[in-house]
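Next come the chains, spelled out residue by residue.
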Amino acid sequence: MATNAPLVPRQRASWLRILLIIPFIATLWVPFFNHPTPTLFGFPFFYWYQLLWVPLSSVLIFIVYRAES
Amino acid sequence: MEVASIIFAILIIAVLALGFGAARWKSGDLHQLDEWGLGGRQFGLLISWFLIGGDIYTAYTFIAVPALMFGAGALAFFAVPYTIVAYPILYVVFPKLWRVCAKYGYVTGPEFVRGRYGNRWLALAVGITGIVATMPYIALQLVGMQTVIGGLGITGTGFSAHLPLIISFLVLAAFTYTSGLRAPAMIAIVKDTLIYITIIVAVIVIPRELGGFGGIFAKLGPVKTLLAHPPKGSTGIYSGYATLALGSAMALFLYPHATTGILSSASSQVVRRNAVVLPAYSFMLGLIALLGAMAVAAGVAAMPQFAGGFKQYGPNFAVPALLIHTLPGWFVGVAFAAIAIGALVPAAIMAIASANIFTRDICREFFSPNMRPQSESQIAKIFSIVMIIGALLFIFGLPLKYAIQLQLLGGMWMIQIFPSIVLSLFTRFFNGWALLLGWLAGVVVATYDAALNHFAGAIFPYHAFGYTFPCYIALATFLLNLVVSVALSFLFNAIASDRINDMTVAEDYG
């Protein structure tokens, strides 16, 4: 059943993949962000910091994606 | 609530009709399991985005996360880091799985495991883990729907009170049977559009009435707003929060419904692009979590008109009560329909995913190896109905707490297939039997630890070197699983390597 040619061209793994570790450190190390201040639009730091990391991590994945395609 | 009920009913009926129509969409031969159970592996970026998003951010999520925020405060926000770190994992791991599965025609995760190790028993363990973890999850989708139907004022305990729910799910079973994965894919587009509209309106309108977000957090109070500082000699809730997020993220795409969503994409490129755009849902989930804080600030728990709802549904009633209290009736109808349709999409995909596993990894492998493609899709269709009816019986036959407890256990069991699927995409170091024993160790100890918690908590205080590390049971037992799998792989490979059974080749993983 196995054929030798893969269906799609190989995806080059870029060294930029190391960037993908950043969201883990930034959002899983709780002492970084378990603080009430500074607030933003009324949000305590704890909340806006973690919400901010949603687009930031998406940008990091995008950078790696661009480097690999 | 009449306006709300009418809008709600119109939207639900429209969506159920759409489910039947979906069979003709991007049409294929629905007698093939690929076509019925994976929608023909042809969904592009946009449809996949709606499908996977609609699939993993479920109605139960939309009800349970704010309910936890309402009751416990900041801890509920673990859903945000959870759905942040899930995407680097998706990006690195699952395009590989897509490519191997597309090349060999695999429809399920367990099929990949069988191809990789030539070990049908390991594949069976992986498959059964998926089905068992999924059943209570479908049942909990019903709870999401039940809560909003209750919010519309249709309450009670008799058969007639359950009728809207039963009819919806029977119709769901029927269109899942006829349309397969195309139905939830099409409905997901409607569902998510409604959900995004609801959330955007809710976070603009509601805080204005409650004195802005500053006012909301002031009313939530300092204790609930942040995580408690760890006591001396313990990492406290800090490690609980982080491990809950990480362990949940590792298990997320291993759930059969998530794997099915990924495998239905048109290419591994679509999967990678989705890792970039799916976090939009995570942002929305964070805002949804805050609805729990808004419910505290609005004081809905003390309002007499909601006393019955809270009595029947507990903290799950927080969001419905908040929406009824603050939004106009017609919009409540839209919002509730969004949540209810949010139950139908994942429930359909979960039933389809379980049916794929039952057909390919249990029925064909163990009972009927020469099955024709037509009989395959027929068996899958019937099993999808069994899953949905099973979930209905689960909700009406057993106390709700069993579904919640089983879903809690489900996450702890699901992560145990991480070595068999995820690590196997990167290395063929492992031995199939070693993985099976590692899986067994993980499942048994996780269940035991959860029992020590009386099946009520996911975080267990592990002790080491005179220090206490509260940790998500899933993550701790995954480490045990990994140690057992690695150690026994060394041993078994030395005695008799099973590497020769690998049906795949090294280039598949390049």
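### Remarks on the overall build of chain A
Tallying secondary structure elements over chain A gives 2 helices and 0 strands in all. Counting only residues that meet the buried cut, chain A has 29% of its 69 residues in that class. Residue pairs in contact within chain A that sit at least 24 positions apart in sequence constitute 59% of those at least 6 positions apart.

### A few points about the overall build of chain B
Looking only at helices and strands, one finds 23 helices and 2 strands in chain B. For chain B, the spread of C-alpha atoms along the principal axes amounts to about 70 × 60 × 40 Å. Within the span of chain B, comprising 510 residues, buried residues form 60% of the whole.

### A word on the nonpolar core
Soluble globular proteins tend to bury their nonpolar side chains together. Residue and element names in this part refer to chain B. Of all hydrophobic cores here, the largest spans 212 residues; its most connected members are Leu142, Met294 and Ala295. With 22 residues, helix 18 (residues 329–367) is the single largest residue contributor to this core. Apart from the residues within four sequence positions on either side, Leu142 is in contact with Leu165, Phe169, Ala343, Ala391, Leu392 and Ile395.

### Some words on the interface of chain B and chain A
Chain B puts 43 residues into the contact, and the matching count from chain A is 34 residues. When residues of the side of chain B that touches chain A are traced back to their parent elements, those giving at least two are helix 5 (79–104), helix 10 (212–220), helix 12 (236–252), helix 14 (268–277) and helix 15 (279–298) of chain B. The greatest single-element share of the side of chain B that touches chain A, amounting to 13 residues, is contributed by helix 5 of chain B. Looking at the side of chain B that touches chain A residue by residue, the classes come out as 28 nonpolar, 9 polar and 6 charged.

### Thoughts on unusual backbone geometry
Going from Thr37 of chain A to Pro38 of chain A, the amide bond is cis rather than trans, its omega being -5°. Within the secondary structure, Pro38 of chain A sits in the loop between helix 1 (22–28) and helix 2 (45–68). Of note, the phi angle at His454 of chain B is positive, near 60°, even though the residue is not glycine. Considering the arrangement of structural elements, one finds His454 of chain B in the loop between helix 22 (432–452) and strand 1 (459–464). Of note in this structure, Phe455 of chain B is not a glycine but carries a positive phi near 55°. With respect to the helices and strands, the residue Phe455 of chain B is situated in the loop between helix 22 and strand 1.

### Topic: helix 5 of chain B
All names here are of chain B. In this model, helix 5 (26 residues) spans 35 Å end to end at C-alpha, consistent with the 38 Å of a helix rising 1.5 Å per residue. The principal kink in helix 5, of about 40°, is found at Leu90. The buried fraction of helix 5 amounts to 23 of the 26 residues, a majority that puts the element mostly inside the structure. Positive backbone phi, at 75°, marks Gly105, one or two positions downstream of helix 5.

### Observations concerning the packing of helix 4 (residues 59–72) of chain B against helix 7 (residues 120–151) of chain B
All names here are of chain B. The contact between helix 4 and helix 7 brings their axes to 8 Å, and the two run at 70°. With respect to their mutual orientation, helix 4 and helix 7 come out roughly perpendicular. Between helix 4, through Ala59, Tyr60, Phe62 and Ile63, and helix 7, the contact on the second element is made entirely by Leu140, Gln141, Val143, Gly144, Met145 and Thr147. Partitioned by chemical class, the residues of the contact of helix 4 with helix 7 number 7 nonpolar, 3 polar and no charged.

### With respect to helix 23 (residues 473–496) of chain B
Residue and element names in this part refer to chain B. The end-to-end C-alpha separation of helix 23 is 33 Å, in line with the 34 Å expected for 24 residues at 1.5 Å each. Taken together, the buried positions of helix 23 are occupied by Ile473, Ala474, Leu475, Ala476, Thr477, Phe478, Asn481, Val484, Ser485 and Ser489. Its buried side turned inward, helix 23 meets helix 12, helix 20 (400–414), helix 21 (418–421), helix 22, strand 1 and strand 2 (467–472).

### Regarding the pairing of strand 1 of chain B
Residues and elements named next belong to chain B. With 6 bridges joining them, strand 1 and strand 2 adopt antiparallel strand pairing. Note on strand 2: the bridge partner recorded for Phe460 is Cys471. A loop of 2 residues connects strand 1 with strand 2, the two strands running antiparallel in sequence, and Phe465 in this loop sits at a positive phi of about 50°.

### Overview of the packing of helix 13 (residues 256–263) of chain B against helix 18 of chain B
Residues and elements named next belong to chain B. With their axes 8 Å apart at the nearest point, helix 13 and helix 18 run at an angle of 90° to one another. In terms of orientation, helix 13 and helix 18 fall into the roughly perpendicular class. Residues Pro256, His257, Thr259, Thr260 and Gly261 of helix 13 lie in contact with helix 18, whose contacting residues are Pro346, Ile349, Met350, Ile352, Ala353, Ser354, Asn356 and Ile357. By residue class, the composition of the contact of helix 13 with helix 18 is 7 nonpolar, 6 polar and no charged.

### Some thoughts on the confidence of the model for chain B
Residue and element names in this part refer to chain B. With 98% of its residues at a pLDDT of 70 or more, chain B shows a mean pLDDT of 88. Highest mean pLDDT in chain B belongs to helix 21 (96); lowest belongs to helix 8 (residues 159–179) (80). For this predicted complex, the interface confidence score (ipTM) comes to 0.89, while the overall pTM stands at 0.91.

### Focus on the confidence of the model for chain A
Residues at a pLDDT of 70 or more form 84% of chain A, whose mean pLDDT is 85. Note that residues 1–7 of chain A has pLDDT below 50 and, in this model, 15 contacts with residues that lie over four places away or in other chains.

### A closer look at the environment of Tyr281 of chain B
All names here are of chain B. Relative to the helices and strands, Tyr281 resides in helix 15. The buried category is assigned to Tyr281, around which 23 C-beta atoms lie within 10 Å. Put simply, Tyr281 and Ile63 are 218 residues apart on the chain and 15 Å apart in space, counted from C-alpha to C-alpha. In contact with Tyr281, other than residues within four places in its own chain, are Gly53 and Tyr57.

What counts and what doesn't
Residues numbered from 1 in each chain as written. Chains lettered and ligands numbered in written order. Predicted model: local features only at pLDDT ≥ 70, side-chain atom pairs only at ≥ 80, totals over all residues. Helix = DSSP H or I, 4+ residues; strand = E, 2+ residues; numbered from the N terminus. Buried ≥ 20, exposed ≤ 12 C-beta atoms within 10 Å, placed from the backbone. Contact = placed C-beta atoms within 7 Å. Core = buried A, V, L, I, M, F, W, Y, C linked by C-beta atoms within 7 Å. Nonpolar A, V, L, I, M, F, W, Y, C, P; charged D, E, K, R; others polar. Expected span 1.5 Å × (residues − 1). Bend = angle between axes of the 7 residues up to and from the residue. Axes fitted to C-alpha atoms, helices over the stretch in contact; angles between N-to-C directions. Parallel < 35°, antiparallel > 145°, perpendicular 65-115°, else oblique. Pairing = 2+ DSSP bridges. pLDDT = per-residue confidence, 0-100.

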